[in-house]
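Inside the fold
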Amino acid sequence: MKIEGFELRRVGMPLVSPFRTSFGTQTERDVLLVKAVTDAGEGWGECVTGADPLYSSEYVESTVDVMRRFLIPALAQTPDAGRVATDLHPFKGHRMAKAALEMAVLDAELRAEGRSFARELGGVHDSVPCGVSVGIMDSVPQLLDAVARYLAQGYVRIKLKIEPGWDVEVVRAVRERFGDEVLLQVDANTAYTLRDARHLAKLDAFDLLLIEQPLDEDDVLGHADLAKVVKTPICLDESIVSAQSAAAAIRLGATSVINIKPGRVGGYLEARRIHDVATAAGVPVWCGGMIESGIGRAANIALASLPGFTLPGDVSASDRFYTTDITPPFVMAGGHLPVPAAPGLGVAPVPEILDELTTWVEWMPV
Ligand code: SMG
Ligand code: MG
């Protein structure tokens, strides 16, 4: 296969409601799509960088710049998707940018060969259970209403975003209203320090599945220390950027569950490696979300169908975040989403919707 270039496209997708985390509030997603153009056909990738470097150091403008200047020119001789990461390896970091390029090339390749993402990655289920991530709200009653709506829609697991001042009492309120049966977990997006260990241990009373990324992304040892004080399983998100860092965090006792996000770790092929490393160590994994459009969502669902993904992911229906998705919408049935079975991602953008929401396009030859 010969890669000719990539069409980069920014798409402005308004969220159905503001999504607040410990690092900020989002009302719109500035989605960066990449379309790989090859002699075997085209493929789509979605870059999960945010508009600002708040979740990680990458942001949309930085991604566009590094792709144009360094990453895309480095793919002139790349023969297949399996070589993309190797050819981009000399450039440090920028994993979300690399992941999007690899995803687009992989989609082009799999479409040409008639194989689906799920089959290529090693999926074993034809549908996956859906969890939902619920943002920080202005009041507890408002949060309880939101959780009630998601449970009524069929979501099988609730994740509450937490931060200092919005944690123990909020979890208590959710448990009191909805009972002990609801699968419940929390995500701090690095909002605490080890000095909060005893406070976080108060969450042990609520039988949570896990506490996600309570401490700084670089503080892997801190998480290992925290795990000695807090009984609730610690799950790393931001700290895990490769199979190597996953193996190290597991060995140190810093994580007993892993949130796998392909963008954060440099692509779906590295994501599968983390699944393999974790599974071999007896560590359960689940698929994280980055407010993807239908393009990223399709690939995440495929990944979540691998056997080690034994916890429900942040894999929600299109209408969790968007009134209009750029692909035909993913609609939940019985708390599950179907794993796309058609070649490649199994979905593509609807041209009219894509054009309407596009804010910028640039063609970048290799
Ligand atoms: O796509 O359902 C989703 C969002 C899930 O909460 C979610 N992701 O840290 O896990 C996380 C957050 C980061 C999202 S803000 C870009
Ligand atoms: Mg997280």
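Everything quoted here is computed from the prediction, not taken from an experiment.

About the thresholds
Residues numbered from 1 in each chain as written. Chains lettered and ligands numbered in written order. Predicted model: local features only at pLDDT ≥ 70, side-chain atom pairs only at ≥ 80, totals over all residues. Heavy atoms only, no water. Donors = N, O, S within 2.8 Å, 3.2 Å for Na, K, Ca; no water. Helix = DSSP H or I, 4+ residues; strand = E, 2+ residues; numbered from the N terminus. Buried < 20%, exposed > 50% of the residue type's maximum accessible area, 1.4 Å probe, protein only. Core = buried A, V, L, I, M, F, W, Y, C linked by side-chain atoms within 4.5 Å. Domains from an automatic or database assignment. Contact = heavy atoms within 4.5 Å. Buried area = accessible area lost by both parts, 1.4 Å probe. Phe/Tyr/Trp six-rings, centres within 6.5 Å; stacked < 30°, edge-to-face > 60°.

Considering the coordination of the magnesium ion (ligand 2)
Within the first shell, the magnesium ion (ligand 2) binds the protein through Asp-187 (OD), Glu-212 (OE) and Asp-237 (OD), at distances of 2.0 to 2.3 Å. Coordination of the magnesium ion (ligand 2) draws on donor residues from a single chain, spaced D-x24-E-x24-D in sequence. Highlighted residues: Glu-212 in strand β8 (residues 211–212) and Asp-237 in the loop between β9 (234–236) and α9 (243–252), separated in sequence by 25 residues. Asp-237 sits in the buried class, given a relative accessible area of 0%.

Concerning the nonpolar core
Among the nonpolar cores identified, the biggest contains 120 residues, and Phe-6, Met-67, Phe-117, Val-134, Leu-160 and Ile-258 are the most heavily contacted of them. Among the elements that take part in this core, helix α3 (residues 95–113) stands out by supplying nine residues, more than any other. Taken together, domain 1 (3–114 + 351–365) and domain 2 (118–338) each give at least three residues to this core, which thus spans both. Every residue in contact with Val-134, bar those within four places of it in the chain, is listed here: Phe-19, Leu-143, Ala-146, Val-147, Tyr-150, Ile-158, Lys-159, Leu-160, Lys-161 and Arg-320. Grouped together as the second largest cluster of nonpolar side chains are five residues, Cys-235, Val-257, Trp-286 and Leu-311 included.

Notes on the domain arrangement of the protein chain
Each domain of the protein chain was delimited in the assignment, giving domain 1 (3–114 + 351–365) and domain 2 (118–338). Centre-to-centre, using C-alpha coordinates, domain 1 lies 23 Å away from domain 2. Each partner contributes residues to the interface: domain 1 has 31 residues there, and domain 2 has 41 residues. Approximately 3,000 Å² of surface area, both sides summed, lies buried where domain 1 meets domain 2, with 67% of it carried by carbon and sulfur atoms.

As for the packing of aromatic side chains
Scanning all chains against the criterion turns up six aromatic pairs. On the numbers, 5.8 Å between centres and 90 degrees between planes, the contact of Phe-117 with Tyr-268 is edge-to-face. Here the residue Phe-117 occupies a position in helix α4 (residues 117–121), and Tyr-268 occupies one in helix α11 (residues 268–280), the gap between them amounting to 151 residues. Tyr-268 shares its class with Phe-117; the two are buried. Ring centres 5.8 Å apart and planes at 80 degrees place the aromatic pair Tyr-150 and Tyr-155 in the edge-to-face group.

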